[in-house]
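# Chain and residue survey
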Amino acid sequence: MGTRAPVVDHGPRTGNRVALTFDADMTDGMLANLRSGKVRSYANLRILDLLEREQVPATFFLTGKWVQRYPEVTRRIAGNPRFEVANHTYGHAAFTADCYDLPRLPVDELAADVAKTFEVIAPYGGRQTRYFRFPGLCHDAAALDALAPLGVTVVDGDVVSGDPFAKAWKPLVRAVLDHVRPGSVVIMHVTEANAAMTDEALPHILAGLRTRGLTPAPLSEVLAGG
Ligand SMILES: [Zn+2]
């Protein structure tokens, strides 16, 4: 007892930096949607275009299955010196009971799932981290105990954009700008079909951060403070 993966919501409330984080979910159901043509893309390249053009730092929480489906996009992310990469499980299964409607992984398979995801991501290089985010942010003591041997830091975040399945961009902008503060960790998604308004909201979010004197920075720098 006594060892448990640490959980953070945000960095120190000093300075002016904030972390923009983008989750890259991928489930077997999503893969089936791509294969059948029901969905065109779960990789929002307009977000990458904008972040690259504006030279904005960001951190991407990647699932292993997303990386395997989008190796070129992963290369693009890992190749950007302003981007950090982190772990969002292999196939976006729930790590606890009652986590939205996600199928649940047994507790004794959690560590292997996260370790396998690191193995999938690691060859892409770039700014690799030991940050981990649970699907749906669902975690309990058993899940945190299970992940302790991996040396991960669990990152929840303190600003939820609410972008999954959003129908309009303005509420996302408001949700972020109403809650963001120095040290904040903003949760968004790069999953396009499942978060179709994020790229439309992002320019307004960036402009609002500038107005508030807040500057996006890689997650590691925001958590370190200063
Ligand atoms: Zn997710």
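Throughout what follows, the structure given in this document is the object of discussion.

## Notes on the nonpolar core
It is characteristic of soluble globular proteins that their nonpolar side chains tend to be buried jointly. Core analysis: the biggest nonpolar cluster contains 46 residues, and Phe 22, Leu 51, Phe 60, Leu 62, Trp 66, Ile 77 and Val 180 have the highest contact counts within it. Of the residues forming this core, the biggest block, five residues, is contributed by helix 8 (residues 198–211). Among residues more than four places away in sequence, those in contact with Phe 22 are Ile 47, Leu 51, Ala 58, Thr 59, Phe 60, Phe 61, Met 188, His 189, Val 190, Thr 198 and Leu 202. Among the nonpolar cores identified, the runner-up in size contains 16 residues, and Leu 105, Phe 134, Ala 143 and Leu 150 belong to it.

## Some words on the coordination of the zinc ion
For the zinc ion, every protein donor is listed as Asp 25 (OD), His 88 (NE2) and His 92 (NE2), and the spread of their distances is 2.1 to 2.3 Å. Between the donor residues of the zinc ion, the gaps in sequence give the motif D-x62-H-x3-H. Taken together, the residues Asp 25 in the loop between strand 2 (17–24) and helix 1 (28–36) and His 88 in the loop between strand 4 (83–87) and helix 5 (110–121) connect sequence positions 63 residues apart. Residue classification places Asp 25 among the buried positions, given a relative accessible area of 12%. For His 88, a relative accessible area of 1% puts it in the buried group.

## Observations concerning the side chain of Ser 41
Following the sequence through the fold, Ser 41 ends up in the loop between helix 1 and helix 2 (45–53). A relative accessible area of 9% places Ser 41 in the buried class. There is a polar contact of 2.9 Å between the side chain of Ser 41 and the backbone nitrogen of Ala 43. Of the polar contacts made by the side chain of Ser 41, one reaches the side chain of Glu 192; its length is 3.0 Å. Residue contacts for Ser 41: discarding those within four places in its chain leaves Leu 34, Tyr 70, Thr 191, Glu 192 and Ala 193.

Definitions and cut-offs
- Residues numbered from 1 in each chain as written.
- Predicted model: local features only at pLDDT ≥ 70, side-chain atom pairs only at ≥ 80, totals over all residues.
- Heavy atoms only, no water.
- Core = buried A, V, L, I, M, F, W, Y, C linked by side-chain atoms within 4.5 Å.
- Buried < 20%, exposed > 50% of the residue type's maximum accessible area, 1.4 Å probe, protein only.
- Helix = DSSP H or I, 4+ residues; strand = E, 2+ residues; numbered from the N terminus.
- Contact = heavy atoms within 4.5 Å.
- Donors = N, O, S within 2.8 Å, 3.2 Å for Na, K, Ca; no water.
- Polar contact = N/O pair within 3.5 Å; in protein donor to acceptor, adjacent residues only side chain to side chain.

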